[in-house]
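Fold and geometry: a report
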Amino acid sequence: MAAMMAQAAALADILELRMDLAPGVPLEPLLRNRPCPVIVTNRPVREGGEYAGEESARIALLQQGVDLGAEFVDVELDSAARIRRGPRTRLIISHHDFARTPDHVEEVHRHLVQAGADIAKFAVKANDILDNLRVLRVLRHTKHPTIALCMGELGVASRILGRKYGNFLTFASLAAGRESAPGQLTAGELRGLYRYKKIGPDTALYGVIANPVAHSMSPAIQNAAFEALGLNAVYLPFKVEGDPAEFVRAFRELDAQGYSVTLPHKQEVIAAMDEVDDTVRQAGAMNTVVNRGGRLCGANTDIPAALGAIEAALGVEGSAPSRALKDRETLIIGAGGAARAVACGLMARGAYVLIANRTQERAVALAREISAQAAPMERVGSLRPQILINTTSVGMWPNVEESPVPAAVLRKGMIVFDAVYNPPETRLLREAKAAGCQCISGVEWFVRQAALQCEMWTGRPAPRAVMEQVVMARLGRG
Ligand code: ATR
């Protein structure tokens, strides 16, 4: 435990000694050699801890913490009256609910303050992303030193964002798998990825709306971009299980400056926008929210990102729409959302778009809707497009030996664009490269759409190289 304290002291300002997780460990030597201020906690099973022994012995250990002058002692609301105060110790009076966020969290908070808490602490389970709002509201409205947070995967936002609203502290684990409560981030993630220590009242809030969101690379990319630009901003993952429009409307009270929106919310979220631009109207889907002075504007950076990547391959990338794509024969494999976005963008540039898909009816339906053409999958082998774009997940890890088209289709000079970004070089791109095609990887598309979002939010050129490095590092790590 002493070794862990030394390790943690390099990352934290205060160490919590969870004595209930270390039964039999004597407190006195830990306190004598403490490398920084500590909280002494001895959590009973009824409040989510592991102490299952005599209540009087439990309280006695906390009392010892006070008597030895620990900076903080955490005592549960129902036991607070049993602790004799000491001159050097501030009492954290706490309440935990591992089942839900109670309807009236502000009442819970009031009870803690009335019980004489130097610092009031409540940790409650989030069952809905909107539970974060209720907990953060308490922080925003109280002047009393308070620790408030939501536990569980849905409560991660409160653990980070609390700092913006004056949270007295947040908890972090030393390493993944060593959490002392569900949803806790590691100290490394908080400090590195989320730049926790830089968060303050003026920090601008951004985030990604997705479900699932745990493996999203967007927080890593956008936070790295903000850091590189020197911006006081933080970008969080929001796991939205319900209606994304409802989430956006409810979260207006936090005045987020922008969101990325991804699967499966790119269409439903449109309902919460005050306006949308042409890209959204074209594709019927959006991936970006920009807050312009309180007006929420929807945009779709997937389309310009795809066009930008293709135009860069053609050597004509620029700010004005180029005519280089006019009449180019383009074959799109797939007929889902990604195919629709790419096809709409290419149609708007005057390209000749052919869509082929495993389920032929979907290709026909999409083609009809956007005035493109459909081709049966069996005919793909005999087509000679100038640009080939895979929008399906074929070839994606772990099925890395699959390719959406036979290698014979690939001809020298062709532009081959694979939307799959994991692995960065798919079998399709490997074979395309061998055939002398010009290749565009899904990583490039992904980074470009993220960079355009960053530019829309900040009005500054995005640090694309930094963003790409983050993606490649993540993919390299598997
Ligand atoms: P997205 O929004 O990412 O495009 P989607 O709407 O689910 O996702 O579309 C997935 C596309 O990949 C579809 O065109 C799908 O073909 P079907 O319409 O026949 O389902 C295609 N796809 C996915 N897995 C595939 C596979 N193993 N082989 C061929 N096509 C596949």
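Residues numbered from 1 in each chain as written. Predicted model: local features only at pLDDT ≥ 70, side-chain atom pairs only at ≥ 80, totals over all residues. Heavy atoms only, no water.

Contacts to the ligand come from Gly334, Ala335, Gly336, Gly337, Ala338, Asn357, Arg358, Thr359, Arg362, Thr392, Ser393 and Val394. Between the ligand and Ala338 there is a distance of 3.0 Å, counted from an oxygen atom to a backbone nitrogen or oxygen. Interatomic distance of 2.6 Å between a side-chain N/O atom of Asn357 and an oxygen atom of the ligand. Of the residues contributing to the shell around the ligand, the split by class is three nonpolar, seven polar and two charged. (Near = heavy atom within 4 Å. Polar contact = N/O pair within 3.5 Å; in protein donor to acceptor, adjacent residues only side chain to side chain. Nonpolar A, V, L, I, M, F, W, Y, C, P; charged D, E, K, R; others polar.)

Pairing in this open sheet of six strands is parallel, and the strands run β1-β2-β3-β4-β5-β6 from one edge to the other. Edge strands, defined here as strands with exactly one partner in the open sheet, are β1 (15-18) and β6 (146-151). Strand-to-strand, the axes of this sheet are offset by a mean angle of 20°, without reference to chain direction. Of the strand pairs in this sheet, β1 and strand β2 (residues 38-41) are connected by four bridges, and their pairing is parallel. (Pairing = 2+ DSSP bridges. Helix = DSSP H or I, 4+ residues; strand = E, 2+ residues; numbered from the N terminus. Axes fitted to C-alpha atoms, helices over the stretch in contact; angles between N-to-C directions.)

Looking now at the environment of Arg362. Topologically, Arg362 is positioned in helix α13 (residues 360-370). Once the C-alpha coordinates of Arg362 and Arg460 are considered, the two residues, 98 residues apart in sequence, prove to be 39 Å apart. In this structure Arg362 touches Ala335, Gly336 and Asn357, once residues within four positions along its chain are discounted. (Contact = heavy atoms within 4.5 Å.)

Bringing the domain arrangement of the protein chain into the picture now. If you check the domain split of the protein chain, you get domain 1 (2-201), domain 2 (218-300 + 448-476) and domain 3 (314-440). Inter-centroid distance (C-alpha atoms) of domain 2 to domain 3 is 26 Å. With six residues of domain 2 at the interface, the matching set in domain 3 holds nine residues. Between domain 2 and domain 3, roughly 580 Å² of surface is buried when both sides are summed, and carbon and sulfur atoms account for 60% of that area. On the domain 2 side of the contact with domain 3, Gln282, Ala283 and Leu475 bury the most area, a combined 70% of that side's loss. Counting the contacts that link domain 2 with domain 3 gives one salt bridge. One salt bridge in this structure joins Arg448 and Glu317, with 2.6 Å as the shortest N-O distance. Run the count over domain 2 and domain 3 and you get one residue pair in polar contact (both at pLDDT 80 or more). Mapped onto the side of domain 2 that touches domain 3, the elements with two or more residues apiece are α10 (278-283) and α16 (464-476). Looking at the side of domain 2 that touches domain 3, its residues break down into three nonpolar, one polar and two charged. (Domains from an automatic or database assignment. Buried area = accessible area lost by both parts, 1.4 Å probe. Salt bridge = Lys/Arg side-chain N within 4 Å of Asp/Glu carboxyl O.)

If you walk across this open sheet you meet the six strands as β17-β16-β15-β18-β19-β20, and the pairing is parallel. Two strands bound the open sheet, and with one partner strand each, they are β17 (373-374) and β20 (438-440). Note: strand β15 (residues 329-333) against strand β18 (residues 387-390), four bridges, orientation parallel. Residue Leu331 lies in a different strand from β18, and its bridge partner there is Leu388. Sitting on the sheet, helix α12 (residues 337-348) touches β15, β16 (352-356) and β18, and the angle it makes with β15 is about 170°. Sitting on the sheet, α13 is in contact with β16 and β17, with an inclination near 155° to β16.

Further remarks concern the nonpolar core. Counting 71 residues, the largest nonpolar core has Phe238 and Phe247 as its most contacted members. With five residues, the single largest contributor to this core is helix α5 (residues 131-141). The residues that make up this core include at least three from each of domain 1 (2-201) and domain 2 (218-300 + 448-476). Residues in contact with Phe238, not counting those within four places in the same chain, are Ile129, Ala157, Leu205, Tyr206, Gly207, Val208, Ile209, Ala210, Val213, Phe247, Phe251 and Tyr259. Counting 32 residues, the second-largest nonpolar core is a separate cluster that includes Ala283, Ala339, Val342 and Ile355. (Core = buried A, V, L, I, M, F, W, Y, C linked by side-chain atoms within 4.5 Å. Buried < 20%, exposed > 50% of the residue type's maximum accessible area, 1.4 Å probe, protein only.)

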